[in-house]
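Chain by chain, the residues run as shown.
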Amino acid sequence: MKKYNPKKIEAKWQKKWYGSKVFSAQYSSRKRKFYLLVEFPYPSGDGLHVGHCRSYTALDIIARKKRMDGYNVLFPIGWDAFGLPTENYAIKKGVHPSIVTKKNTDNFRRQMKSLGLSFDWTREVNTTDPKYYKWTQWIFLQLFKNGLAYKAKIAINWCPSCKIGLANEEVVDGKCERCGTKVEKKDKEQWMIKITEYAERLINDLSSVDYLEKIKIQQKDWIGKSEGALIKFQVEGASEFIEVFTTRIDTIFSGTYVILSPGHAFVDKCKDKIENLEEVLAYKEKSKNISDIERTKEEKEITGVQLKGIFVQNPATGEKMPVWIADFVLEQYGTGAVFADAHDKRDFDMAKKYGIPLRTSIEPGDSSVADKVKNLEICFEGDGKLYNSMQFNGLTSDQARPMIISWLKAKGFAEPKTSYKLRDWVFSRQHYWGEPIPMIFCEKCGWQTVEEKDLPVELPKVKKYEPTDTGESPLALIQRWVNVKCLKCKGNAKRETDTMPNWAGSNWYYLRYIDPKNNKALADKKEVSYWMPVDWYNGGMEHTTLHLLYSRFIFKFLWDVKAVPKNVGSEPYRKRTSHGMILGEGGVKMSKSKGNVVNPDDVVKQFGADTLRVYEMFVGPFDQMIPWDTKGVIGVRRFLEKIYNLASDRGTVMNGSRDLKKHLHKTIKKVSEDILAMKFNTCVSSLMEFANAWQSSEDTLSRNDFADFLKIISPFAPHLAEELWQNSDFKGLCCMQSWPKTNKKLIEEEKVLLIIQVNGKVRDKIEVRANMIKEDAEKIALGSEKIKLLIAEKEIKKIIFVQNKLLNIVV
RNA sequence: GCCCGAAUGGUGGAAUGGUAUACACGCAACACUUAAAAUGUUGUGAGGUUCUCCUCAUGUGGGUUCGACUCCCACUUCGGGCACCA
């Protein structure tokens, strides 16, 4: 008897598949298309993570099923290869990042192929390939030409000891990861992209796509739309105003002071008038080095400094208000300034701490606390009824808001305004390993774009990969590359030396897969029009607010400037799902330092690729976090062996068992449905149940039924299915067959188990014929000895009947 | 802090208003064997028990319902994201 030998089988079938291009999507096809996308990985030196294996296997199963359903399937893969870890490795070892990238992508590719994933390897893309990033740069030029890219001063993390700019990740507890020095903020001119111009569309168009609800919620929340008003506070003794954005204009009559963020421009503007300037500047300096999350934490003690000598006027009451700065007010949100009153917890606490006067103007609905609110014993933050508010007294917050806005608007002090939490996108990095930004600066003529014919602007070779001690990227040191002639005046000009963030390349990669070799455009429009939008995109929840939002924005932009055809719509992804993480054994994150990293290579070696695939599907619900369990892998290996042995020992006959056929068709139905619902774990258990039934029945399957069984198991354990397909002398490849249809008549039951409940508790189970009506079921149930005993002389109040399921007698 | 998610046997989990604990791991007994491994068979939520029935059990407390792991309200604990990691 032959033994199940995955090592031999798997290598053999991988060679056949990848040699014959069975997984290649067809160009200019008339077939129905299905575009399945997985987030392309960052090819780190650690190799493929078992978490990659899980999500890729899951989508591979869908791709394989869709091919068997007759679709022209595009299931591509590539490398998102620009980024910090590769650069840091280059700095440490002095090896060029492109060499490291080549090594890592080779390893990832080998690992993916060893899992039998059905990627279309003819369409592989790499964001670090100049032929690819030519188009990433081209997109930047379009953004600039359309007024969506601009320069602004933005703070970077600066380590004064290493003299380099740091990524947020390299800042641990406010200190430099390498040397432990306290990190400072340093202002730097950076390229910004106006994603905020698309905020409204990015919210509204979510209604046209099929994303998991939690993904939509996160995106909406990230964009953070709020409707409110912009109010002007006149500065006393000056013609200036301080503008404040608020959603609570109903509380304007209780506003007693104004708070600015420490970085607010007004502080610099009125330096001469501030009596305690030194104190103010010291506070400003201190707050610079605290993160926004830290600043807005509720546990954090509230601090602030008054701008002595400065007062503004409350536009509603005409009263004089002092002006403070406090770090819990953020520069980026609204106008970076708020008016403060007793109806905001932090304003309330701050006023109590510093003895600033407070007033109330909103009465809570709960009258038991109304007095306490009025006496300033507690802070009430909700909506309520207005008082102390002149002609608006007695109105509810909701009624009052629009009325107060128009009243103040008439006086020239307010206007309605929509505000977003979403900020413009900082697009510059002071690093080597990224796409050069294709811009040239001339003292006389300003910023200008590199001409399209000169793209790509290739990354020049450098000797050292560290950022420079001025905070610029190492590109700034290469005079030959930096110094160019201005395109307009032919005078001396300099190239931009910052590079793009990692997100730049991943914004549009789904378009490049469609036509990866095109050197005239991002991709051929006919092909784009056929393939777009992506039918199903799966990725991690951690990418929901950044990559997913950025790439939606960029696609909308490309659509607006007609770089992609109109007919595909302005949303790149029709459906988005997300997978859960795989944790280490015991439920903690896998990490090198904990030594609990599972290497897929080891699992493949010990158990086989099919075992790894099926295990990762069986381990638990796809969208949830699941700990790895080496013991569980064994069960899956036993299952595959069982199938292999049953197939060889039992064989097939012309007319096999009818019971098994019936069970098989139930399994076909379950697996077909559960694949699309991403309930892979229950697919596997139903396949296991069938194998168990087959084994214990000692019956034989018909040849056709066995073929169907191999077909439905093939997306999960493709190598095993192919091998048994061939061993049984079936023609062609198993993965190229059409998916079996469920025989509906066959799975209809003649008899069902009827559950008899008394007062909702199960008291008996009786087998009856299917589709029995209520009256007949009642007779049978009441005839049961057990039930008779239980209801005895009690009065039957009600009988609930669910056909083919249960009968509940209420007494 | 804000946003999102989760909680069911010894363990991973199944059941989305109708038999709670499918499937798998582990454990125990038995069969095969000189023996072991492998494999197979049976059992396995807790407590009680006349051994086939009773009571209890899906993080906690309430509610809706003939019936709730499932829906609603309040809470507890754990995990993830928070804009320069990808």
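Structure shown above.
For clarity, every value in this text was computed on a predicted model and none was experimentally measured.

K.L.:
Help me understand the protein's contact with RNA strand B, please; the structure alone is not making it clear to me.
P.N.:
Around RNA strand B there are 61 residues in total, and Asn168, Glu169, Arg638, Asn681 and Asn808 lie nearest to it. The contact in question runs from a phosphate oxygen of RNA strand B to an N or O atom on the side chain of Arg638, over 2.7 Å. Among the secondary structure elements, those contributing two or more residues to the surface near RNA strand B are α7 (213–223), α21 (630–650), α23 (680–697), β31 (751–758), β32 (761–769), β33 (798–802) and β34 (806–810). Ranked by residues supplied to the surface near RNA strand B, first place goes to α23 with seven residues. Residues of the surface near RNA strand B, tallied by class, amount to 23 nonpolar, 16 polar and 22 charged.

K.L.:
Looking at this structure, I do not really get the packing of helix α19 (residues 600–607) against helix α20 (residues 609–618). What am I missing?
P.N.:
Helices that pack against each other are described as a pair by the angle of their axes relative to one another and the distance between those axes. In the contact formed by α19 and α20, the axes pass within 7 Å of each other and the chain directions differ by 115°. Along its contact with α19, which presents Pro600, Val603, Val604 and Phe607, the element α20 presents Ala609, Thr611 and Leu612. A breakdown of the residues in the contact of α19 with α20 according to their chemical character gives six nonpolar, one polar and no charged.

K.L.:
Whenever I open this one, the packing of aromatic side chains confuses me. Can you help?
P.N.:
All told, the structure shown has 44 aromatic pairs when counted by the stated rule. Ring geometry for Tyr132 against Trp508: centres 4.5 Å apart, planes inclined by 20°, an arrangement best described as stacked. Pair noted here: Tyr132 is in helix α5 (residues 130–145) and Trp508 is in the loop between α15 (503–506) and α16 (509–512), with a separation of 376 residues, a long-range link. On the basis of relative accessibility, which here comes to 2%, the residue Tyr132 falls in the buried class. Plain terms: the ring middles of Tyr198 and Phe553 are 5.0 Å apart, the flat faces sit at 70° to each other, and that makes the pair edge-to-face. Here Tyr198, found in the loop between β9 (184–193) and α6 (199–204), pairs with Phe553, found in helix α18 (residues 547–560); they are 355 residues apart in sequence, far enough to count as distant. Given the relative accessible area of 0%, Phe553 is considered buried. Grouping aromatic residues by their ring pairs yields a cluster made of Phe140, Phe144, Trp191, Trp425, Phe427, Phe441, Trp447, Trp503 and Tyr550. Between Lys16 and the ring centre of Trp13, over which it is positioned, the NZ or CZ distance is 4.9 Å. The ring centre of Phe241 lies 5.2 Å from the NZ or CZ of Lys232, which sits over that ring.

K.L.:
Where do I start with the pairing of strand β21 (residues 439–442) in this structure?
P.N.:
Taken together, the four bridges between β21 and strand β22 (residues 446–449) define a ladder with antiparallel strand orientation. Paired with Met439 across the strands is Thr449, a residue of β22. The pairing of β21 with strand β24 (residues 492–495) spans three bridges and is classified as antiparallel. Paired with Ile440 across the two strands is Arg495, which belongs to β24.

K.L.:
Honestly, the nonpolar core in this entry has me stumped. Any pointers?
P.N.:
The nonpolar side chains of a soluble globular protein tend to be buried with one another. Membership of the largest hydrophobic core comes to 85 residues, with the highest contact counts inside it found for Met112, Phe119, Trp628, Ile675, Phe680, Phe709 and Phe716. With nine residues, the single largest contributor to this core is helix α2 (residues 50–68). Among residues more than four places away in sequence, those in contact with Trp628 are Val50, Ile582, Leu583, Gly584, Glu585, Met590, Val598, Val603, Leu612, Tyr615, Glu616 and Val633. Core analysis: the second largest hydrophobic core is formed by 82 residues, Ile193, Ile203, Tyr509 and Tyr510 among them.

K.L.:
Just to check I follow, could you spell out the sheet that holds strand β6 (residues 164–166) for this structure?
P.N.:
Within a sheet, adjacent strands bond to each other through the backbone by hydrogen bonds, running parallel or antiparallel. The sheet built from four strands is open, its strands ordered β6-β5-β9-β20 with antiparallel pairing. The open sheet is flanked by β6 and β20 (425–426), the only strands paired with a single partner. Where β9 meets β20, two bridges bridge the pair, whose relative direction is antiparallel. Among the inter-strand pairings, Ile193 is bridged to a residue of β20, identified as Trp425.

K.L.:
Explanation requested: the environment of Ile378 in the structure shown.
P.N.:
Looking at where Ile378 falls in the secondary structure, it is placed in the loop between α12 (367–374) and β18 (385–386). Its relative accessible area of 34% is what places Ile378 among the partly exposed residues. Residues Ile378 and Lys345, spaced 33 residues apart in sequence, show a C-alpha to C-alpha distance of 9.0 Å. If near-sequence neighbours (up to four positions away) are discounted, Ile378 is found in contact with Phe348, Val369, Lys372 and Val373.

K.L.:
Whenever I open this one, α20 confuses me. Can you help?
P.N.:
Working note: α-helix, 3.6 residues per turn, so residues spaced by three or four point in the same direction. Counting buried positions over the ten residues of α20 gives nine, a clear majority of the element. Of the residues making up α20, those classed as buried are Ala609, Asp610, Thr611, Leu612, Arg613, Val614, Tyr615, Glu616 and Met617.

K.L.:
Sorry if this is basic, but what is going on with the sheet that holds β31 here?
P.N.:
Reading across the sheet, the four strands line up as β32-β31-β34-β33 and stay open at both edges, with mixed pairing between neighbours. Looking at which strands have only one partner, the edges of the open sheet turn out to be β32 and β33. On average, each strand axis in the sheet is inclined to that of its neighbour by 20°, with strand direction left out of account. The sheet contact formed by β33 and β34 spans five bridges and is antiparallel.

K.L.:
Help me out: how do you make sense of the pairing of strand β14 (residues 305–313) in this one?
P.N.:
Successive side chains on a regular strand alternate, one facing one side of the sheet and the next facing the other. Of the pairings in the sheet, the one linking strand β11 (residues 226–235) to β14 comprises two bridges and is antiparallel in character. Along β14, the bridge assignment pairs Gln234 with Gln313. Note that β14 and strand β15 (residues 320–325) share five bridges and pair antiparallel. The partner of Gln306 across the bridge, within β15, is Trp324. In sequence, β14 turns back onto β15 through a hairpin of six residues, with Gly318 there showing a positive phi of about 75°.

K.L.:
It is not clear to me how the side chain of Thr449 should be interpreted in this structure. Could you clarify?
P.N.:
With respect to the helices and strands, Thr449 occurs in strand β22. Here Thr449 is in contact with Leu141, Phe144, Lys145, Pro438, Met439 and Leu487, once residues within four sequence places are set aside.

Definitions and cut-offs
- Residues numbered from 1 in each chain as written.
- Chains lettered and ligands numbered in written order.
- Predicted model: local features only at pLDDT ≥ 70, side-chain atom pairs only at ≥ 80, totals over all residues.
- Heavy atoms only, no water.
- Near = heavy atom within 4 Å.
- Polar contact = N/O pair within 3.5 Å; in protein donor to acceptor, adjacent residues only side chain to side chain.
- Helix = DSSP H or I, 4+ residues; strand = E, 2+ residues; numbered from the N terminus.
- Nonpolar A, V, L, I, M, F, W, Y, C, P; charged D, E, K, R; others polar.
- Axes fitted to C-alpha atoms, helices over the stretch in contact; angles between N-to-C directions.
- Contact = heavy atoms within 4.5 Å.
- Phe/Tyr/Trp six-rings, centres within 6.5 Å; stacked < 30°, edge-to-face > 60°.
- Buried < 20%, exposed > 50% of the residue type's maximum accessible area, 1.4 Å probe, protein only.
- Lys NZ or Arg CZ within 6 Å of the ring centre and 35° of its normal.
- Pairing = 2+ DSSP bridges.
- Core = buried A, V, L, I, M, F, W, Y, C linked by side-chain atoms within 4.5 Å.

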